Amino acid sequence: MIMERRQALLLPVSPWFIALSLVVSLLLSMLMGLAQALWLPDVLAVCIFFWGIHQPRRVGMLIAFIFGLWIDVQQSSLMGQHALSYVVLNYFAFSMHRRLLWFPVKEQMIQILPFFVLSEALGFIIRLSTGDDFPGWSLLLSPFMQTLLWPVANFILLAPQRRAHDPDANRPI
Amino acid sequence: MAPASFDRSPPPFFRVGFAPLTKLIFFSALSLLLMFGDKQLQFTKPIRASLSTLILPVQWLVLQPGQVASAIGDYFQNLEQAQKNLQAVQLEALQQSTRSQQVEQLLIENQNLRQLLDLKPTFTTSSQVAEVLFDVTDPYNQRIVIDKGEVKNVALGSPVIDAGGVVGQVTRVYPFTAEVTLLTDRDQSIPVVNSRTGARNITRGDILAGLPLIELKFVPASADVKEGDLLTTSGIDGVYPAGLQVGRISHIERRVDISFARIHATPLAEIKGRHVLVLQPTGSTSAPNGKAP
């Protein structure tokens, strides 16, 4: 029952690819931030959550914290706001990483949406409680956009692991 | 993995470090500490300044696509448009020329009169042009980042203006860049004077129906304020030089149940422009917080 669908066995992940994907999504996040559109998804959050699900040993809360701090300084938001959001996101990723991957992607999306909403709401509550302006309702769209990015992330970030196995790579000659 | 260590310590498969909940609590506490420090105690300033310098090259890289796009846009802007712009600017210069020619004479006259009356002389402030790099991403604040910082002697609390009027005030200074809080931000206050009546007020940024405006605070409902009144800086704060244009009154709402009138003004500065002028604060010793009193 478990292996009812055709599943590809994935190649081992390359740490360099994880690092590259995190850096690229950081740059994308910085670039999209310049557009000043609240509904745009936080690509970095998706990437951190994704690796938290797929490689919880490699991408942990320390990395989430450091990237969050970077975003905090770059956006000049409250120091630690994004750090907390990403750490919480990564914790939830770790707590559900054994269960989530048994589901098809559509059902995964339904399950991860609350966590994106929660991490967005966390920053929102913190900022409003420190006496900042209400930014507008379109902020609420961003977790949904992030959830819609999940299949895309699945496709792109797992692509290197889906390559055909190369028997020549470590065949003793 | 060295085979010698295999029998003495657990194999790496079981070594997972701290429990996730422990890590979550640790990092959450650290974030909360940083937030508290950032908001209340200001001890994160050096961390922020050093990190922002570290980020600067990456920031520059990220800004490139937009700048290249705008450069290409400028290049392909047609001749007609450029000529039209030039004509508009020439017309404006012509209109301003009469007034600007009178300014010299008025200045001398004013100086003489002040001497006669034994008043303090007015200050002339030094200024430097800065380029606006980008709007700060944080949606909860209204700030812009300019390309002059501590290295170019931008002081905390410096007023920033453009061709239209006051843009805001420098609220964070990094080595190579500085952050300017716009006058439409909630936390930004400017002491102004109504140029028609001479009444002094304090403005604060406020968003009215999605539009960033400035609000006049603590004006009695019976006060003499009309739509179209010009607000200029009063200069009594020791930060802004007197006489800079701030805004024009655009909405007045007087209600019976509130003893204050709700008065909004539209800023005169073209806030989304490309260049701004950073002035030295007039009384450099005051305004320790970088905020106008």
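Residues numbered from 1 in each chain as written. Chains lettered and ligands numbered in written order. Predicted model: local features only at pLDDT ≥ 70, side-chain atom pairs only at ≥ 80, totals over all residues.

Caption draft 1: Layout of the overall build of chain A. Along chain A, the regular secondary structure elements total seven helices and zero strands. Compactness check: chain A gives a C-alpha radius of gyration of 17 Å against a globular reference of 16 Å for 173 residues, within 12% of the reference. Across its three principal directions, the C-alpha atoms of chain A cover 65 × 35 × 25 Å. Every one of the 173 residues in chain A was classed for burial, and the buried ones make up 38%. Residue pairs at least 24 apart in sequence account for 71% of intrachain contacts in chain A once pairs closer than 6 positions are excluded. (Helix = DSSP H or I, 4+ residues; strand = E, 2+ residues; numbered from the N terminus. Rg over C-alpha atoms; globule rule 2.2 N^0.38 Å. Buried ≥ 20, exposed ≤ 12 C-beta atoms within 10 Å, placed from the backbone. Contact = placed C-beta atoms within 7 Å.)

Caption draft 2: The interface of chain A and chain B, seen in detail. On the side of chain B, 33 residues touch chain A, which itself brings 32 residues to the contact. Within the residue set of the side of chain A that touches chain B, elements represented by two or more residues are helix 1 (15-33), helix 3 (61-75), helix 4 (81-100) and helix 5 (105-129) of chain A. Per-element tally for the side of chain A that touches chain B: the top contributor is helix 4 of chain A, with seven residues. For the side of chain A that touches chain B, a count of residues per class yields 19 nonpolar, ten polar and three charged. (Nonpolar A, V, L, I, M, F, W, Y, C, P; charged D, E, K, R; others polar.)

Caption draft 3: Just the environment of Val136 of chain B, in detail. Relative to the helices and strands, Val136 of chain B is located in the loop between strand 1 (127-135) and strand 2 (143-146). Residue Val136 of chain B is classed as buried on the basis of its C-beta count, with 24 C-beta atoms lying within 10 Å. Note: C-alpha distance between Val136 of chain B and Val180 of chain B (44 residues apart in sequence) is 9.3 Å. In contact with Val136 of chain B, not counting residues within four places along its chain, are Gln75 and Ser76 of chain A together with Asn141, Arg143, Ile144, Val145 and Glu179 of chain B.

Caption draft 4: Seen up close, the packing of helix 2 (residues 43-54) of chain A against helix 7 (residues 150-158) of chain A. Residue and element names in this part refer to chain A. Contact pair helix 2 / helix 7: the axes reach a minimum separation of 11 Å and the direction vectors enclose 60 degrees. For the pair helix 2 and helix 7, the crossing hand works out as right-handed. On helix 7, the residues that touch Val46, Cys47 and Phe50 of helix 2 are Trp150, Ala153 and Leu157. Of the residues assigned to the contact of helix 2 with helix 7, the class counts are six nonpolar, no polar and no charged. (Axes fitted to C-alpha atoms, helices over the stretch in contact; angles between N-to-C directions. Left-handed = near helix turned anticlockwise from the far one by under 90°.)

Caption draft 5: Structural detail: the packing of helix 3 of chain A against helix 4 of chain A. Residues and elements named next belong to chain A. As a packed pair, helix 3 and helix 4 sit with axes 7 Å apart at the nearest point and diverge in direction by 155 degrees. Taken together, helix 3 and helix 4 sit at an angle that is classed as roughly antiparallel. Where helix 3 crosses over helix 4, the handedness of that crossing is right-handed. Note on element contacts: helix 4 touches helix 3 through Gln81, His82, Ala83, Ser85, Tyr86, Val87, Leu89, Asn90 and Tyr91, opposite Met61, Ala64, Phe65, Phe67, Gly68, Leu69, Ile71 and Asp72. For the contact of helix 3 with helix 4, the residue count by class is eleven nonpolar, five polar and one charged. (Parallel < 35°, antiparallel > 145°, perpendicular 65-115°, else oblique.)

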